[in-house]
Amino acid sequence: MSIEQLESIAQAMVAPGKGIIAIDESNTTIKKRFDGVGIDCTEENRRAYREMLLTAPNLSDHISGAILYDETLRQASKAGVPFTKIMLDHGILPGIKVDKGPHPLAGFPGELVTEGLDGLRDRLKEYASLGAKFAKWRAVITIGDDMPSSTCIEANCHALARYAALCQEAGIVPMVEPEVLMDGSHDLDVCYDVTEVTLRSLFASLYEQNVLLEGTILKASMVVSGKDCPEQASVDEVAEATVRCLKASVPASLPGIVFLSGGQSDEAATAHLNAMNQMGPHPWPLSFSYGRAMQTAALKLWSKDMTANFVDAQKTVAQRARENGLAALGQWKKSA
Ligand code: 13P
C-alpha cells in the first residue's frame, strides 16, 4: 500500500459530517453492557446485535467507519454475508481493535500499560487480508494522587507509536487513542495538563518511530472535569479547553481528530463536539468515534424485544449518527 492510499483512508475517516462508530467491545466488556440490559452474552447475541447496528438504514450518511472486535470482523449476517462485505458495500470502512487491553504497570501501583505488541505484525497482516482498513489501540491514563507518572505516559506512548508504525507497514491506518480517564475528583485544569503532557509525549514518540502523521488518526479524550469534581465545567468551557489543548500539542499535518465519549451522556458528547466545531475552523476536522454515546439508546431498545424493536433500534442508532454528524459540522441543535 502506498503512502497516498494511507492518506486517503485517513481522510475518508474524517470526511465532512462523518465519524466513526466504535463497536469494538471485547467479549468481557460487551458482557457488562449486555448484563446491564439483561441479555445473555452468547456468540449469537453478540453477532445479532452487531448486525442490527451495522445494517441500520442510512447509517453511512454520517458514519465513515466502524471499529470491530476480532470476533466481529470474522462474523457474517444471518443471511451469510460477511460484515466486512456489508460495510464496504455501504461505504463504511472496517476497523479493528488490535490491542490486548490495559494491564497493571509493574512498579507503579494503580497505573496501566496496554499490551499487544508481541505478534502484532502477523495479526495485522491477517486483518488486512480480512478487509480491515484501519486499526485502534487504546492506552489508559489515570489521574490520581501522584498519577499519572511520566513512566506510565512514556511506556504507553512508546507502545502506541510502535503499534502505529506496524500498522502503516501493513497498509492499515493507525488510530492512536491515549484516553485520559474521567474518573476522579480533579478539575478541568488538571485534566488539561495531563492531556497536554500525554499528547506531547505521544507525538514525540510517533516522530521517533517514523510514523507518517498524514496517515494517522488521533482518538482523543476531551478535556473535562473529573466525574466526582464538585464543580463541573460548562459545555463551552470543555470545548474551549479541549481545542486549546489540541492546538498546543497536535501537529497540523494530522488529517483528523476523533473523540471518544468516555462515559459522557449522549447529549453531552454531542453538545461538546458541536461547540468545538462552532469555534472553528481548526487545523484538523474534529469528529467522533463514540462507543457508548452511539449505542446506549439503541441497545436499551433492542434488549426489550430483539425482533419487535429491531427497526426502531436501527432508527435510534442512525439518529445518533445523524446528530453527531451534524455536531461534526457545528450544525447540531438540541432538538434536531
Ligand atoms: P466510548 O465512546 O464508550 O468511550 O468508547 C470509545 C472507545 O472506543 C474506547 O476505546
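From a predicted model like this one, the values you see are computed outputs, not experimental measurements.

Rules and cut-offs
Residues numbered from 1 in each chain as written. Predicted model: local features only at pLDDT ≥ 70, side-chain atom pairs only at ≥ 80, totals over all residues. Heavy atoms only, no water. Phe/Tyr/Trp six-rings, centres within 6.5 Å; stacked < 30°, edge-to-face > 60°. Helix = DSSP H or I, 4+ residues; strand = E, 2+ residues; numbered from the N terminus. Axes fitted to C-alpha atoms, helices over the stretch in contact; angles between N-to-C directions. Parallel < 35°, antiparallel > 145°, perpendicular 65-115°, else oblique. Left-handed = near helix turned anticlockwise from the far one by under 90°. Contact = heavy atoms within 4.5 Å. Nonpolar A, V, L, I, M, F, W, Y, C, P; charged D, E, K, R; others polar. Near = heavy atom within 4 Å. Areas by Shrake-Rupley, 256 points an atom, 1.4 Å probe, with all protein chains shown as cover. Buried < 20%, exposed > 50% of the residue type's maximum accessible area, 1.4 Å probe, protein only. Pairing = 2+ DSSP bridges. Expected span 1.5 Å × (residues − 1). Bend = angle between axes of the 7 residues up to and from the residue.

Caption draft 1: Structural context of the packing of aromatic side chains. Across all of its chains, the model carries five aromatic pairs by this definition. Measuring from ring centre to ring centre gives 5.2 Å for Tyr49 and Trp302, while their planes differ by 45 degrees; the resulting arrangement is tilted. Within this pair, whereas Tyr49 is found in helix H3 (residues 43-54), its partner Trp302 is found in helix H11 (residues 292-304), the two being separated by 253 residues in sequence. One aromatic cluster is present, formed by Phe34, Tyr49 and Trp302 through successive ring pairs.

Caption draft 2: Spatial organisation of the packing of helix H8 (residues 188-208) against helix H9 (residues 235-249). Contact geometry of H8 with H9 gives a least axis separation of 9 Å together with a crossing angle of 25 degrees. In terms of orientation, H8 lies roughly parallel with respect to H9. The interaxial crossing formed by H8 with H9 has right-handed handedness. Where H8 abuts H9, its residues Leu188, Tyr192, Thr195, Glu196, Leu199, Arg200 and Phe203 lie against Glu237, Val238, Ala241, Arg244, Cys245, Leu246, Ala248 and Ser249. Here the residues of the contact of H8 with H9 are counted per class, giving nine nonpolar, two polar and four charged.

Caption draft 3: Summary view of the site of the ligand. Near the ligand, the surroundings consist of 13 residues, among which Lys136, Lys219, Ser261, Gly262 and Arg292 are the closest. For the ligand, whose free accessible area comes to 300 Å², the fraction covered by protein is 92%. Among the elements of the structure, strand E6 (134-141) and strand E10 (286-290) are those that each provide at least two residues to the shell around the ligand. Residues of the shell around the ligand, tallied by class, amount to three nonpolar, four polar and six charged.

Caption draft 4: Seen up close, the pairing of strand E3 (residues 93-97). Counting buried positions along E3 yields five of five residues, so the element is predominantly enclosed. Because side chains alternate across E3, one face comprises the buried residues Leu93, Gly95 and Lys97, and the other comprises Pro94 and Ile96, equally buried. As defined by bridge partners, E3 adjoins E6 across three bridges and the pair is classed as parallel. Across the sheet, residue Ile96 finds its bridge partner in E6, namely Ala135.

Caption draft 5: Geometry of the sheet that holds strand E7 (residues 173-180). Taken together, the eight strands give a closed barrel; going around it, the order is E1-E2-E3-E6-E7-E8-E9-E10, and neighbouring strands pair in parallel fashion. The average undirected angle you get between the axes of adjacent strands in this sheet is 25 degrees. Sheet strands in contact with helix H1 (residues 3-13) are strand E1 (19-23), strand E2 (63-68), E3, E6, E7 and strand E8 (217-220), and its direction is about 50 degrees off that of E7. Its contacts with the sheet place H9 against E8, strand E9 (257-259) and E10, and it is angled at close to 145 degrees to E9.

Caption draft 6: Quick look at H11. Here H11 contains 13 residues, and its C-alpha end-to-end distance of 18 Å stays within 8% of the 18 Å for a straight helix at 1.5 Å per residue. At Ala298, H11 shows its largest bend, some 25 degrees. Buried residues of H11: Ala293, Met294, Gln295, Ala298, Leu299, Trp302 and Ser303, and no others.

Caption draft 7: H3, seen in detail. For H3, with twelve residues, the first-to-last C-alpha span of 16 Å sits near the 16 Å given by 1.5 Å per residue. Summarising burial for H3: ten of the twelve residues are buried, a large majority.

Caption draft 8: Looking closely at the environment of Leu117. Its place among the elements puts Leu117 in the loop between strand E5 (112-114) and helix H6 (120-129). For the pair Leu117 and Tyr163, spaced 46 residues apart in sequence, the C-alpha separation works out to 6.7 Å. Each residue touching Leu117, except ones within four places of it in the same chain, is listed here: Trp137, Ala159, Arg162, Tyr163 and Leu166.

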